[in-house]
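Commentary on secondary and tertiary structure
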Amino acid sequence: MTGAAEDGADFEPHRKFLASLAYRMLGSVAEAEDIVQDAFLRWREVDRAAIAEPRAYLARVVSRLCLDRMKSASHRREQYVGTWLPEPVIAEPAAHLADDLSIALLLALERLSPLERAAFLLHDVFDMDYAAVGEAIDHTEAACRQLAARAREHVRQDRPRYPANDTEARKLADAFLTAVATRDMGGLVSLLADDAVIYSDGGGKRPAALNPIVGKDRILRFYQGLWAKGAPTFSGLRAERTTINGLPGFVFRADEGTETLSVESAGGAVVAIYQVRNPDKVRHLA
């Protein structure tokens, strides 16, 4: 065994792939890092010379670790205060990342069974054939086809039909933030789709709407209520323009903590707003 193999250097080419897989499975940056580290420790203990396809082997290890973690995660979700959103990932927009990292996709995956999620991700996102998927999650190839097909249908239903291009999406996000910060009701009326939704995740640790706010009229009343109470609604906060899970967004930093806002648009209008205020979920951005 070579020195590189002994110290685990042969694991590094697969680390980003494994972290991406674990994040999509769990929706948590911190948990994904834990899973990858666990896989690394297991990798150091095996006879790598006997492993014909290291990436497929490591995908199997990470998938099974994630499935085990998701058993306890489902209980935590049931106890979670308010709306659950995945931990935000800051990344430059890229064609191969935007759809795969989107919050809409991660929320759709949350509504799948753990096995459906694993089969869909391994096959549709990471291009593993069904035989390899079956080895990873310990199911037959036929069963994996059925799992992925069911997942694909759910995911297709949750994606916007006509997503905005990057330039249009950024303009709409900037206009939305300006309208909310300046209390421009007319601006909000012109920007929001009729069926727009606000998702706000405070995790019971910071103020946030407990349930999604659905529909333009309800969103307008929501902001009117905040303004009537004198809530700052982003005015005066230090805003960093960035890309969050493939969407145009902002990182806000204030004395009370860090939070993120990302804006999804389609058909020339804002269709979803995702606000993460839970300090546990933005610790990696502080």
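On a predicted model such as this, the values are computed, not experimentally measured, just so you know.

1. A look at the pairing of strand β5 (residues 257-266)
- Burial analysis of β5 places 9 of its 10 residues in the buried class, the great majority of the element.
- Relative to β5, strand β4 (residues 247-254) is paired through 6 bridges, and the arrangement is antiparallel. Residue pairing across strands places Arg253 opposite Thr258, the latter belonging to β5.
- If you look at the hairpin formed by β4 and β5, you'll find 2 residues sitting between the two strands.

2. Here we look at the sheet that holds strand β1 (residues 192-201)
- Strand order in the open sheet made by the 6 strands is β2-β1-β6-β5-β4-β3, with mixed pairing throughout. Here the strands that pair on one side only, and so sit at the sheet edges, are β2 (213-214) and β3 (238-244).
- Across 2 bridges, β1 lies against β2 in antiparallel orientation. Bridging from a neighbouring strand, Val197 pairs with Val214 of β2.
- Where helix α10 (residues 166-181) meets the sheet, its contacts fall on β1, β3, β4, β5 and β6 (269-276), and the angle it forms with β4 comes to roughly 35°.
- Its contacts with the sheet put helix α12 (residues 216-228) on β1 and β2, and the angle it makes with β1 is roughly 50°.

3. Here we look at the pattern of salt bridges
- All told, the structure shown has 19 salt bridges when counted by the stated rule.
- As a salt-bridge pair, Asp194 and Lys216 come within 3.7 Å of each other at their nearest N and O atoms. A residue pair is termed long-range when its members are at least 10 positions apart, and Asp194 in strand β1 and Lys216 in helix α12 qualify at 22 residues.
- On the basis of relative accessibility, which here comes to 63%, the residue Asp194 falls in the exposed class.
- Lys216 sits in the buried class, given a relative accessible area of 16%.

4. Description of the side chain of Arg24
- As for its placement among the helices and strands, Arg24 is situated in helix α2 (residues 12-26).
- Within the structure, the side chain of Arg24 is placed 3.0 Å from the backbone oxygen of Ser20, a separation counted as a polar contact.

5. Considering the pairing of β1
- Counting buried positions along β1 yields 7 of 10 residues, so the element is predominantly enclosed.
- The sheet contact formed by β1 and β6 spans 6 bridges and is parallel. Directly across from Leu192, in β6, lies its bridge partner Val270.

6. As for the nonpolar core
- Counting 49 residues, the largest nonpolar core has Met25 and Ile137 as the members making the most contacts within it.
- Counting only elements with at least two residues in this core, the list comes to α2, α3 (29-45), α4 (54-79), α6 (103-110), α7 (114-125), α8 (130-137) and α9 (141-158).
- Ranked by residues supplied to this core, first place goes to α4 with 9 residues.
- For Ile137, the residues in contact, after removing those within four places along its chain, are Leu67, Leu115, Ala118, Ala119, Leu122, Cys144 and Leu147.
- Within the second largest apolar cluster, 24 residues are counted, among which are Ala173, Phe176, Trp227 and Val263.

7. Considering the packing of α7 against α8
- Relative orientation of the contacting elements α7 and α8 amounts to 140°, with a least axis distance of 10 Å. Here α7 is positioned oblique relative to α8, judged by the angle of their axes. Between α7 and α8 the crossing geometry is right-handed. Counted together, Leu115, Ala118, Ala119, Leu122 and His123 of α7 and Tyr130, Val133, Ala136 and Ile137 of α8 form the full contact between these two elements.

8. A word on the packing of α2 against α3
- Where α2 contacts α3, the two axes come as close as 8 Å, and the packing angle between them is 135°. Here α3 runs oblique to α2, going by the angle between their axes. Handedness of the crossing formed by α2 with α3: right-handed. Residues Arg15, Leu18, Ala19, Ala22, Tyr23 and Leu26 of α2 touch α3, and the partners they reach there are Val29, Glu31, Ala32, Ile35, Val36, Gln37 and Phe40.
- By residue class, the composition of the contact of α2 with α3 is 10 nonpolar, 1 polar and 2 charged.

9. A short note on the packing of aromatic side chains
- Applying the stated criterion across every chain yields a total of 9 aromatic pairs.
- When the centroid spacing of 5.2 Å and the interplanar angle of 65° are considered together, the rings of Phe222 and Tyr223 count as edge-to-face.
- Judged by relative accessible area, Phe222 falls into the partly exposed class, the value being 26%.
- Classification of Tyr223 by relative accessible area gives buried; the value is 3%.
- Of the aromatic side chains, those joined through ring pairs into one cluster are Phe176, Phe222, Tyr223 and Trp227.
- The ring centre of Phe40 lies 5.7 Å from the NZ or CZ of Arg15, which sits over that ring.
- It is Arg55 that lies over the ring of Phe17; its NZ or CZ is 4.5 Å from the centre.

The rules behind these values
- Residues numbered from 1 in each chain as written.
- Predicted model: local features only at pLDDT ≥ 70, side-chain atom pairs only at ≥ 80, totals over all residues.
- Heavy atoms only, no water.
- Buried < 20%, exposed > 50% of the residue type's maximum accessible area, 1.4 Å probe, protein only.
- Helix = DSSP H or I, 4+ residues; strand = E, 2+ residues; numbered from the N terminus.
- Pairing = 2+ DSSP bridges.
- Contact = heavy atoms within 4.5 Å.
- Axes fitted to C-alpha atoms, helices over the stretch in contact; angles between N-to-C directions.
- Salt bridge = Lys/Arg side-chain N within 4 Å of Asp/Glu carboxyl O.
- Polar contact = N/O pair within 3.5 Å; in protein donor to acceptor, adjacent residues only side chain to side chain.
- Core = buried A, V, L, I, M, F, W, Y, C linked by side-chain atoms within 4.5 Å.
- Parallel < 35°, antiparallel > 145°, perpendicular 65-115°, else oblique.
- Left-handed = near helix turned anticlockwise from the far one by under 90°.
- Nonpolar A, V, L, I, M, F, W, Y, C, P; charged D, E, K, R; others polar.
- Phe/Tyr/Trp six-rings, centres within 6.5 Å; stacked < 30°, edge-to-face > 60°.
- Lys NZ or Arg CZ within 6 Å of the ring centre and 35° of its normal.

In short, the description is geometric, and any link to function would need to be established separately.
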